[in-house]
Amino acid sequence: MNPYNEREVLALLQDERTQKQGFERIVSQYSEQLYWQIRRMVLSHDDANDLLQNTFIKAWINIDYFRAEAKLSTWLYRIALNECITFLNKQRAMNTVAIDDPEADVTQKLESDPYFSGDRAELLLQKALLTLPEKQRMVFNLKYYQEMKYEEMSEIFGTSVGALKASYHHAVKKIEKFLEEAN
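Residues numbered from 1 in each chain as written. Predicted model: local features only at pLDDT ≥ 70, side-chain atom pairs only at ≥ 80, totals over all residues. Heavy atoms only, no water.

The chain appears in an unreviewed UniProt entry as RNA polymerase sigma factor, sigma-70 family protein from Bacteroides fragilis str. S36L11.

Listed below in structure tokens is the structure:
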């Protein structure tokens, strides 16, 4: 298969006869990075796989509405992040753990997940991330793990670069504090 070229893929998407081929290239190009972004939000491998599949289903259903005003990756990240928020809100609504420790259930899931191969430091980082508000956690994940530029995140979140920088800064400070207190 040829290397990924967004212009070529967009051309494939515009022709009904080649739309499926173009979408297959999108899935091939973005599956892994979207999976890991989703996984860092929901922590569970199975949930991440389900949400990744939902992301691509929504993208396919709405592909005719993609106007190419932003990059495909930006559009896909926005869909994935919306899927995560919806999922996390449903989880929170159904969660019946003690009010004083709402992250306990998610932390327990992470620790018992056979696909989690992190060491103690990674587990502590994941626990620290769970203490962050959702938007701060998403901004942190995109910046720290994906090394995404603030300008691109600005398109995904529909907010200013300054607000994102502040959100990342606050997330880092909260994580540092959590890690200091854990040791």
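On we go from here.
**Examining the packing of aromatic side chains**
Given two aromatic rings, one states the distance between the centres and the angle between the planes to describe the pair. Convention followed: Whether two aromatic rings pair depends on their centres lying within 6.5 Å, for rings of Phe, Tyr and Trp, where Trp uses its six-membered ring; planes under 30 degrees apart make the pair stacked, over 60 edge-to-face, and the rest tilted. Note on conventions: DSSP H or I runs of at least 4 residues are helices, E runs of at least 2 residues are strands, and numbering of each starts at the N terminus. Under the scheme applied here, a residue whose accessible area is under 20% of the maximum for its type counts as buried, over 50% as exposed, and between as partly exposed, the area being computed with a 1.4 Å probe on protein chains only. Note on criteria: charge over ring means Lys NZ or Arg CZ within 6 Å of the ring centre, with the direction from the centre no more than 35 degrees off the ring normal.
Per the stated rule, a full pass over the model turns up 9 aromatic pairs. Their ring planes at 75° and their centres at 6.4 Å tell us that tyrosine 150 and tyrosine 168 sit as a pair that is edge-to-face. Residue tyrosine 150 is located in helix α8 (residues 150–157), and its partner tyrosine 168 is located in helix α9 (residues 161–182); the two are separated by 18 residues in the primary sequence. In this structure tyrosine 168 comes out as buried when scored by relative accessible area, which is 19%. Three or more aromatic residues link up through ring pairs in this structure, and these residues are Phe140, Tyr144, Tyr145, Tyr150 and Tyr168. Positioned above the aromatic ring of tyrosine 145, the side-chain terminus of arginine 40 is 3.8 Å from the ring centre. When the ring centre of tyrosine 150 is taken as origin, the NZ or CZ atom of lysine 143, which lies over that ring, is 4.5 Å away.

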